[in-house]
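Letter by letter, the chains look like this.
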4 protein chains.
Amino acid sequence: MTKLWGGRFSGEMDALMAQYNNSIPFDIRLWDADITGSIAYAHALAKAGIVTVDEADHLTTGLRQIHAEFSTGAFDVKPDDEDIHTAVERRLRELQGDVAGKLHTGRSRNDQVATDMRLYALDAILHLRNLLLELETNLISLATQHIHTAMPGYTHMQRAQPITFAHWCMAYFWAFTRDVDRLSDCARRTAVLPLGAGALAGNPLPIDRVALANELGFAQISQNSLDGVSDRDFVADLLFTCALTGIHISRLAEDLILYSTAEFGFVSFSDAYSTGSSLMPQKKNPDAMELARGKSGRLTGNLMAILTLLKGLPMTYNKDMQEDKEPLFDSIDTLDITLRVVSGALATLRINAERMAAALDPAMLATDVAEYLVRKGVPFRTAHHLSGQAVALSEQRGIPMNKLTMEDWRSISPHFDEIILTVFDFANSIASRDVTGGTSPRAMAEQLDAARCWLHEQMPA
Amino acid sequence: MTKLWGGRFSGEMDALMAQYNNSIPFDIRLWDADITGSIAYAHALAKAGIVTVDEADHLTTGLRQIHAEFSTGAFDVKPDDEDIHTAVERRLRELQGDVAGKLHTGRSRNDQVATDMRLYALDAILHLRNLLLELETNLISLATQHIHTAMPGYTHMQRAQPITFAHWCMAYFWAFTRDVDRLSDCARRTAVLPLGAGALAGNPLPIDRVALANELGFAQISQNSLDGVSDRDFVADLLFTCALTGIHISRLAEDLILYSTAEFGFVSFSDAYSTGSSLMPQKKNPDAMELARGKSGRLTGNLMAILTLLKGLPMTYNKDMQEDKEPLFDSIDTLDITLRVVSGALATLRINAERMAAALDPAMLATDVAEYLVRKGVPFRTAHHLSGQAVALSEQRGIPMNKLTMEDWRSISPHFDEIILTVFDFANSIASRDVTGGTSPRAMAEQLDAARCWLHEQMPA
Amino acid sequence: MTKLWGGRFSGEMDALMAQYNNSIPFDIRLWDADITGSIAYAHALAKAGIVTVDEADHLTTGLRQIHAEFSTGAFDVKPDDEDIHTAVERRLRELQGDVAGKLHTGRSRNDQVATDMRLYALDAILHLRNLLLELETNLISLATQHIHTAMPGYTHMQRAQPITFAHWCMAYFWAFTRDVDRLSDCARRTAVLPLGAGALAGNPLPIDRVALANELGFAQISQNSLDGVSDRDFVADLLFTCALTGIHISRLAEDLILYSTAEFGFVSFSDAYSTGSSLMPQKKNPDAMELARGKSGRLTGNLMAILTLLKGLPMTYNKDMQEDKEPLFDSIDTLDITLRVVSGALATLRINAERMAAALDPAMLATDVAEYLVRKGVPFRTAHHLSGQAVALSEQRGIPMNKLTMEDWRSISPHFDEIILTVFDFANSIASRDVTGGTSPRAMAEQLDAARCWLHEQMPA
Amino acid sequence: MTKLWGGRFSGEMDALMAQYNNSIPFDIRLWDADITGSIAYAHALAKAGIVTVDEADHLTTGLRQIHAEFSTGAFDVKPDDEDIHTAVERRLRELQGDVAGKLHTGRSRNDQVATDMRLYALDAILHLRNLLLELETNLISLATQHIHTAMPGYTHMQRAQPITFAHWCMAYFWAFTRDVDRLSDCARRTAVLPLGAGALAGNPLPIDRVALANELGFAQISQNSLDGVSDRDFVADLLFTCALTGIHISRLAEDLILYSTAEFGFVSFSDAYSTGSSLMPQKKNPDAMELARGKSGRLTGNLMAILTLLKGLPMTYNKDMQEDKEPLFDSIDTLDITLRVVSGALATLRINAERMAAALDPAMLATDVAEYLVRKGVPFRTAHHLSGQAVALSEQRGIPMNKLTMEDWRSISPHFDEIILTVFDFANSIASRDVTGGTSPRAMAEQLDAARCWLHEQMPA
């Protein structure tokens, strides 16, 4: 009688089917959640008078010992342990005898596994959140050092306007703040206790679900037992959050891969985060960033997997839902290591400010030229057009825009006077973008203050 | 000079390329957002002293007239209007002359379109939220009528335990509360103003971004201009929310399609939401529900489209991002009509309580049999096994479980006494699942209260 | 010097980065392909005079020993073995000394891993193909037994027209023939040898690529070395084929899950492919089919992963591509076990012909009524309308359609005469759909012949 | 009686539901396929004696007139035309009277729409194939001009080995050959006629399906009518092919976007395929390529839409399937314009051979250095390590690798002699990669021959 069911069955399960059915190879990582949930449930059964205080003690003592066995790696999975719940209950019977058979009273694996998954997810959310905050701390640190490091800002990968490297760092900082925010949303919707839903119709015993929620750290209890056992929104929420974080990382990685090319040369990675080629001795490759970029594939794939899985499933629990675990675990693991590697790669990144400066091109100040005209009363649209003609003239002449002569400028428009020649100053241009969020050192200091303030608010009291 | 750029260009754009590039066929629906944003920007320019009060008046008067033209369908798109921004500025010049050329001072289409999209999304979120609340109101109404309508609850699509139709209705209610909650999260992250980011580096004029945010109904301003123009998280957030709502609807639809089969016969759809067959005269098909289920495909596809689109894009704005619009518009439209159709179909659904009752099968009370043994002190796991043997015996005999004789019961276990024969009462079973969230009429009344309370809190003050 | 690179590196790789970078935990399954490819390459090097015949012997002897070590589980992975290629070359050096360092001459891991992956995929394709053919054999066998087993055919899940269970079985047969066909396409495009592409620019040695292809069982050699190392179409092709096969299985599973409900009762699964409930003793759940349906999620997710991964990758090899392996392996494994389980479940499926027959409803012959009118010269569209009125009348009366009286029929149209009463014969209706592909026993015999013929053609000579 | 059904219905369809249900807004583009199919079906009915020759004449005459009306834009869609089939049959009745009602005899919209979609897809496949061949012709033409244009080949976006621009062009050529090949597979599986399947059970009339297939250009007839109406593999096949082609284009676009940056400067786009900035006058953006890259999002999204749609659908036709059309049409349209734009952009691309040459760096010949040692008998792995040390030394010295002195070389290994100084010749290095598929001019000529040969074989006889 090792299975949790079977009274009505006469035939044996096919061996291959057993392998197909068994989830222990992957749901074993729910052991901590499963045992924690069972201890709380033993308390609830005692409180409701379903088991005696003595019986509850036997149950929790046994469960704590099983917890210790898992902690130390001593727990031995048996061939008939189809899932973590079966394994724990089987071991409990070995340790404490028949009282083990009382633990499942009123409970089903349907509400049990939903509870386990939520406990696991809540823990993972906290962990990922901390890794994101650490990565963001690194970005602030890097930005703080580079408030005055000028570099080209790009749109369409074309040089657009001068910005600072600090500005670039902080762009990703704010993207990650949204990921942290999404993780908080995930946590809020995950912290709803399904335990007490039974198989689907609700627990028939007078158990105190609110007390269970309190003991297990859930903020609320689910309000509908059918929904309680069939809701996997919290998995989809977290997989989406992981996928979008992965997209952010893919963009950061893309930038750094480009910036570390010989052609850009803005940054170089530490040997600790690079690899070589088995054929080409000179190669030093930004593997960390390429892998980080590539991981967006599996993160997106896992999201797609859960959505496809859930599509069209009838109420309530269907075995299909066992397939919710592996994508969730994989996305958590993927993001876990990716965030740590990206943090490390950023912390050891070398910035080549000279190459950045050398990539600034006077034509990147064409907007400043137009703005100069605007200050003289020319409507912006006209000013834009006149500045564009200056760009065309400099290209035609094959000279940088700041080498155009006063005659050249006057040939374009009489609005131009000698002041135009003073426009071509990158530092001035940077300083002029001084609105909140702009690239000027003052605005950047303001932005860094806001960022530190946000980060401070995220830290646990 | 109808294009917003071109001073540096000598060649003409290829005609096919123009068609490929032009977004006016789909971004025209941003007209209201675009004009509203431009009016606010005109105010900001005046406040900053960039345009005179008179010029600002000319700009806003012109913009209001253009708004009126769009409202009445009188606006005439011209071949060179590559996007909504160009169309509006072109028309503004026709109406107000050269002052139109001042409106774009310090502003780029990059921050403009991001602002437009956010305004549009905020409006759509509110709209979808209202439709969801309406659907939920219908579900409460249906549930209220069916607190005592017993039906089989299913797990694995096998009859599991008796529940009520109210219970089923409310399971979807709570799923939709999570969708509403997600929409709120979307709104919070969308209500961040990018205007003032310029092309990427920040606006060089002393414009008051906070005032702009207030005028346009944004709660915050973006803190980094690079992120301001390149962030499309709000699109991904909304597309995910639409996709998951679509998955919920696909499950609701699946249930109702099954329940409306001849075999189940639990519900039937009004002719108003059914169609016939071009070949088979007798057919009445649940097309509304099938389409609703099928729409989950495009909603998921649109989410995947935006994630694929954003993957690996370098900072900051890239033209790829123009592709963010059609999936967003399509998901909003899809969910708009789907929610309304599903609401209508539910409001006119006929419930066949007799068929539901007839589908209740004594074996669905096997858990109650086990619980009866538990009350006599048998550990649940043993009780489960004994009850399973009774199921097997009844199947072997080819009789319903409640027709087993006392001898039959005793042959299984001496624990069984005459009381066992009273266990087979569906209403009692339902009433016994009385925990919060359970299927009992009392628990359902409690649940409906909680639901009405939640709904009340969602309504605008 | 255990790494295949490193001369130019001074720093050590970060430990976490090493874990992130190392692919040995999953690419170890390429060992057979990798060693086979290396043996062939040793031959090629000898033939080209790059190594002596003696050296080639040393290389191949060592490689064969390593192969034996893997076969017997004796191979010992070392911490510095970053991937399967490194592991094999490291072991080869241990066994044969410095000559091992010659094996990689002109070869890069870029063309090596592409070759390994293709060898692995070709093998997997053959394996999956055989499993599909076995499943199809089971479907033919089931169909052969049920040429006369009448059941309702459904459209929109509404009873539409009588068909046979054989017809249903064979519908899936033909779907799987397309999957087999797609696998053949995959094989054709996979059997293109990249070896000789070097890192990207081509092998500088006069190796005979055509001979290599012949030895390794490739039909062609790649024509462009850049494409050779960066093409992962064969992975995407196979993942798509697996995903679509998974969709077919999800539909088959959905049907069988529905047919095994108490409400339909058309089939029941063997205990060998069912499970019970931990709470509800009476439950017998179609877990095999639910898992099979749910697996479509990960199969689709894996396809999405590879597409997202490849999107926007520059030429040629990028480390991102290391992420091509796990989704491929997972889809192959998933389909492997799923096909075998589904085959087993079908082979042990019990068909309940009585329940199928009982579900036939006279209204399903409404089309036959219309066809009867057509034979009397009534245009089909009119006949369809008149038959629809008869359906409405029978519903209104609450009697089956075949119980309408002659007066009833005449009240609808004078076209009806006594012959109408003979129309209500399910077997006749089935026999009348006699076109190729139709449900009549004759057409089914023809279809089975065609199926067996197709199957025969697939078998290796 | 404008609907094709309705005899049994008493209530009217809800107006919103009608909008939800109606497919005419998008399936109108099936008009040509629909009418062509109907003409063939009229012939089949006549041949089978179901309609007289006269009636068939009336039907085909009417259908041809409707075809003419669509061709000239004169066809007028009526509010009750729920789909293209209804519209055509309604108009046929207006033109030819009651005989129109005979056209649908034995046919259902289920087999009709499947036939229409396949006809449409076959046409689209041919069209896309021609566009791909045109693009490939452009690539050959570009390659032919640049057999001797040296440029850096990249792996991991790091300079790896010198290649030629021709080599780069042809890498994409071969990727597109696989897309063409996949299109052929699509065509083969699409050219299977479902007409004759009826609603699901097969046509009850003695129509000649093979003759129908011949008339309509199908190679085969479907063998199972259930599968005939429920198979949408051909849509999935085509959407996958479009998605993967889109991924190829995204990679081509990525390369060209990078190569057109100021930092690389390898290519520049014609003004005809570029746009400017509304704010920054100097900008010239590679919009064509960015849009082409971004379109991979919707192409992938459409594939995911169809897979999600089909997942778990029961046999046979379900209304969900109406959702197969829009993603198919969108992917076809997207690829149509994208292929033409990319062809145009390539045809007008300017190549900057000087910048390419300037980007060649002596360290890219480090592999050649190792090969030089190999020729002297040093095992490759050792040679690789020694060459890596030379790279490290040159970096340490801050001098290019070819500026190392003989003392430097000897300090690394006594194997180096004066010949080493001759290794640093890019043209020689390129010429040495002379295996089939390699970058040498000879191998490239061979490759171009193979490409032209392939292209020639694709052309219709």
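No experiment lies behind these values; they were computed from the predicted model shown.

For the rest of this paragraph, the subject is the relation of the copies chain B and chain D. Here chain B sits on chain D after a turn of 180° about the axis and a move of 0.0 Å along it, with an RMSD of 0.0 Å. This pairing of chains is accounted for by a two-fold axis. Taking C-alpha positions as reference, the residue of chain B nearest the rotation axis is Gly301 of chain B, located at 2.0 Å. Counting the interface residues of chain B, we find that 98% of their copies in chain D are interface residues as well, pointing to one common contact surface.

Further remarks concern the packing of helix α10 (residues 233-259) of chain A against helix α10 (residues 233-259) of chain B. Between α10 of chain A and α10 of chain B, the shortest axis-to-axis distance is 11 Å and the interhelical angle comes to 155°. In terms of axis orientation, α10 of chain A runs roughly antiparallel to α10 of chain B. Note that α10 of chain A runs across α10 of chain B; the crossing there is right-handed. Here Asp233, Ala236, Asp237, Phe240, Leu244 and His248 of chain A of α10 of chain A lie close against α10 of chain B, whose contacting residues are Asp233, Ala236, Asp237, Phe240, Leu244 and His248 of chain B. Grouping the constituent residues of the contact of α10 of chain A with α10 of chain B by class yields six nonpolar, two polar and four charged.

Let's shift gears to the relation of the copies chain D and chain C. With an RMSD of 0.0 Å, chain D superimposes on chain C once it is rotated by 180° and translated 0.0 Å along the axis. A symmetric contact is evident, with 100% of the interface residues of chain D recurring at the interface of chain C.

Let's shift gears to the domain arrangement of chain A. Domain annotation of chain A identifies domain 1 (13-105), domain 2 (110-358) and domain 3 (362-424). For domain 1 of chain A and domain 3 of chain A, the distance between their C-alpha centroids amounts to 77 Å.

Moving on: the interface of chain B and chain D. Chain B puts 65 residues into the contact, and the matching count from chain D is 64 residues. Both sides together, the interface formed by chain B and chain D hides about 5600 Å², and carbon and sulfur atoms give 60% of it. Summed over the three residues of chain B that lose the most area to chain D, namely Tyr20, Ser278 and Leu291 of chain B, the buried surface amounts to 14% of that side. Counting across the interface, chain B meets chain D through ten salt bridges. With a shortest N-O distance of 2.6 Å, Lys295 of chain D and Glu323 of chain B are connected by a salt bridge. With 17 residues, the top contributor of residues to the side of chain B that touches chain D is helix α11 (residues 287-310) of chain B. Counted by class, the side of chain B that touches chain D contains 24 nonpolar, 23 polar and 18 charged residues.

Position of Asn318 of chain D among the secondary structure elements: in the loop between α11 (287-310) and α12 (325-347). Only 2.6 Å separates the side chain of Asn318 of chain D from the backbone oxygen of Pro314 of chain D, close enough to count as a polar contact. Look past the residues within four positions of Asn318 of chain D in its chain and what remains in contact with it is Glu290 and Arg293 of chain B, His156, Met157 and Arg251 of chain C together with Leu313 of chain D.

Conventions used here
- Residues numbered from 1 in each chain as written.
- Chains lettered and ligands numbered in written order.
- Predicted model: local features only at pLDDT ≥ 70, side-chain atom pairs only at ≥ 80, totals over all residues.
- Heavy atoms only, no water.
- Least-squares fit on C-alpha atoms with pLDDT ≥ 70 in both.
- Contact = heavy atoms within 4.5 Å.
- Axes fitted to C-alpha atoms, helices over the stretch in contact; angles between N-to-C directions.
- Helix = DSSP H or I, 4+ residues; strand = E, 2+ residues; numbered from the N terminus.
- Parallel < 35°, antiparallel > 145°, perpendicular 65-115°, else oblique.
- Left-handed = near helix turned anticlockwise from the far one by under 90°.
- Nonpolar A, V, L, I, M, F, W, Y, C, P; charged D, E, K, R; others polar.
- Domains from an automatic or database assignment.
- Buried area = accessible area lost by both parts, 1.4 Å probe.
- Salt bridge = Lys/Arg side-chain N within 4 Å of Asp/Glu carboxyl O.
- Polar contact = N/O pair within 3.5 Å; in protein donor to acceptor, adjacent residues only side chain to side chain.

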